[in-house]
Amino acid sequence: MSAEKTIPATLIPGDGIGPEITESVTEILAAVGAPFDWDNQLAGMAAVDATGNPLPPQTIASIHRTGLALKGPLTTPVGGGFKSINVTLRQEFGLFANLRPTHTIVPGGRFDKIDLVLVRENLEGYYAAMESYIPVGDDPHGIATGAGYNSRAECNRIVRFAFEYAVKNNRKKVTLVHKANILKLLTGLFLEEGRKVAKEYEGRVECNERIVDACAMQLVIDPWQFDVIVTTNLFGDILSDLTAGLVGGLGLAPGANIGEKAAVFEAVHGSAPDIAGKNVANPLALLMAANMMLKHVGRADLATRIESAIQSVITEGTVRTRDLGGTAGTRELTAALKQKLV
Ligand code: NAD
């Protein structure tokens, strides 16, 4: 690398297949000359084993310092009263926007030429998890209740984020996805703020609305009608797995969590313990997340080079991992990608 300034960034290899795919991705980033100066940190089971804490204070301090993290998948510890690591990260760093681009890279699938982006609100809605039981007769858990909340300020902020994303990325349309016909207050407020924000972008970005159930159907019948989708937390969680399914599943789905104090980039899939350590994991979802990170720091030029390498390896079709119908291992695919970097 030249005298180019480095960018401090936190690297969390994570659990299961995490270390293998992180190694692959950092190798490709180094080969393309990405400017990241990695600070390696632990989280998940690796951190529980080493420190007894799934999200040690050093890891949080590192992300506070760098404001930027690439995170491998983490195994959620079962029992032991551990709070979800992802939820803790979202709250600690105010990661309000979850960005999930969906783009066809394996040609000839059931859905070709998909190119859409889902923006999910990450902090509110039903994921506030205000749950409780009400006893019925002898059964202390006779009724389970759950409440959610959406604030006007947050609804405004997430829709504005989606419109700003559309403007910056030359996208033409934002679809507001809601269930205001039934959850008249909870998602009605989102729709109200959404319409308000949309007015400010009139003439620049088109806006339409879909009720979430109809949206799910439309995403399967005609996904090409969508450009940017913005929605509340739970709906976004479900629809983003649906959109990942349109382009070949979790092995190809990257995500970014963007907030006021930091941005955390990751693959959408989990730690895949069933294939960990076998050199068969597909590193492409994490690599695409790294590409989002490069764009985030203003190095779209490097991201484009990696994207071209992915495209040509996948299109040639001889070096694909098992989840994409091939026989190549993680290391073989990494080598093939590096060879294609121009
Ligand atoms: P998973 O995504 O780990 O695995 C689901 C299936 O997809 C498995 O068959 C797995 O082998 C396959 N798979 C996933 N990623 C792959 C890849 N890159 N290449 C090839 N195949 C891949 O989901 P799970 O089994 O439900 O969860 C395992 C653990 O991961 C759990 O502890 C869960 O809580 C955690 N998890 C973490 C995250 C995260 O950190 N962001 C997300 C989801 C799940």
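Source: prediction; values computed, not measured.

A. View of the overall build of the chain. Across its full length, the chain carries 11 helices and 12 strands. A principal-axis box enclosing the C-alpha atoms of the chain has dimensions of 60 × 50 × 40 Å. The burial tally for the chain puts 44% of its 342 residues in the buried class. Intrachain contacts of the chain at a sequence separation of at least 6 include 73% that bridge at least 24 residues.

B. Local environment of the packing of helix H1 (residues 18–32) against helix H11 (residues 330–340). Their axes nearest at 10 Å, the elements H1 and H11 cross at an angle of 10 degrees. Here H1 is positioned roughly parallel relative to H11, judged by the angle of their axes. The handedness of the crossing between H1 and H11 comes out as right-handed. Between H1, through Glu-20, Ile-21, Ser-24, Glu-27, Ile-28 and Ala-31, and H11, the contact on the second element is made entirely by Thr-330, Thr-334, Leu-337 and Lys-338.

C. Quick look at the sheet that holds strand S12 (residues 263–267). Sheet architecture is open: 10 strands sit in the order S2-S1-S3-S12-S11-S4-S5-S10-S8-S9, paired in mixed fashion. The open sheet has two edge strands, strand S2 (36–40) and strand S9 (206–211), and neither has a second partner. Put simply, the sheet's adjacent strands are angled 25 degrees from each other on average, direction ignored. Examined bridge by bridge, strand S8 (residues 173–178) and strand S10 (residues 228–231) share four bridges and lie parallel to one another. Residue pairing across strands places Leu-176 opposite Val-230, the latter belonging to S10. Contacting strand S1 (7–12), S2 and strand S3 (68–71), helix H3 (residues 57–66) crosses the sheet at an angle of about 150 degrees to S1.

D. View of the confidence of the model for the chain. Of the residues in the chain, 98% have a pLDDT of 70 or more, and the chain-wide mean is 94. Interface scoring of the predicted complex returns ipTM 0.97; its pTM is 0.93.

E. Local environment of the site of the ligand. Taken together, 20 residues lie around the ligand, and Thr-76, His-269, Gly-270, Ala-272 and Asn-282 are the ones closest in. A per-class count over the shell around the ligand returns nine nonpolar, eight polar and three charged.

F. Fine view of the domain arrangement of the chain. With domains assigned, the chain is organised as domain 1 (1–95 + 262–342) and domain 2 (102–249). Taking only C-alpha atoms, the centre of domain 1 and the centre of domain 2 are 25 Å apart. If you look at the interface, domain 1 gives nine residues, while domain 2 gives eight residues. At four residues, helix H10 (residues 300–316) tops the list of elements feeding residues into the side of domain 1 that touches domain 2. Residues that form the side of domain 1 that touches domain 2 fall into these classes: five nonpolar, two polar and two charged.

G. Quick look at the packing of helix H5 (residues 152–168) against helix H6 (residues 188–200). Interaxial distance between H5 and H6 falls to 8 Å at its minimum, and their mutual angle equals 45 degrees. In terms of their interaxial angle, H5 and H6 are classed as oblique. As for how H5 packs across H6, the hand of that crossing is right-handed. Touching Arg-152, Cys-155, Asn-156, Val-159, Arg-160 and Phe-163 of H5 are Leu-189, Phe-190, Glu-193, Gly-194 and Val-197, all from H6.

H. Region of the structure containing the nonpolar core. Counting residues in hydrophobic clusters, the biggest one holds 90 residues, and the most contacted among them are Val-119, Ala-162, Ala-289 and Ala-290. Tallying contributions element by element places helix H9 (residues 284–296) first for this core, with 10 residues. When residues of this core are assigned to domains, at least three fall in each of domain 1 (1–95 + 262–342) and domain 2 (102–249). Excluding residues within four positions of it along the chain, Ala-289 makes contact with Leu-70, Pro-254, Gly-255, Ala-256, Phe-265, Glu-266 and Ala-267.

I. Unusual backbone geometry, seen in detail. Even without being a glycine, Lys-113 presents a positive backbone phi close to 55 degrees. With respect to the helices and strands, Lys-113 occurs in the loop between strand S4 (97–103) and strand S5 (115–121). The phi dihedral of Ala-272 falls on the positive side, at around 40 degrees, and the residue is not glycine. Structurally, Ala-272 can be placed in the loop between S12 and H9. You can call Ala-272 buried: it has 23 C-beta atoms within 10 Å.

The rules behind these values
- Residues numbered from 1 in each chain as written.
- Predicted model: local features only at pLDDT ≥ 70, side-chain atom pairs only at ≥ 80, totals over all residues.
- Helix = DSSP H or I, 4+ residues; strand = E, 2+ residues; numbered from the N terminus.
- Buried ≥ 20, exposed ≤ 12 C-beta atoms within 10 Å, placed from the backbone.
- Contact = placed C-beta atoms within 7 Å.
- Axes fitted to C-alpha atoms, helices over the stretch in contact; angles between N-to-C directions.
- Parallel < 35°, antiparallel > 145°, perpendicular 65-115°, else oblique.
- Left-handed = near helix turned anticlockwise from the far one by under 90°.
- Pairing = 2+ DSSP bridges.
- pLDDT = per-residue confidence, 0-100.
- Near = placed C-beta within 6 Å.
- Nonpolar A, V, L, I, M, F, W, Y, C, P; charged D, E, K, R; others polar.
- Domains from an automatic or database assignment.
- Core = buried A, V, L, I, M, F, W, Y, C linked by C-beta atoms within 7 Å.

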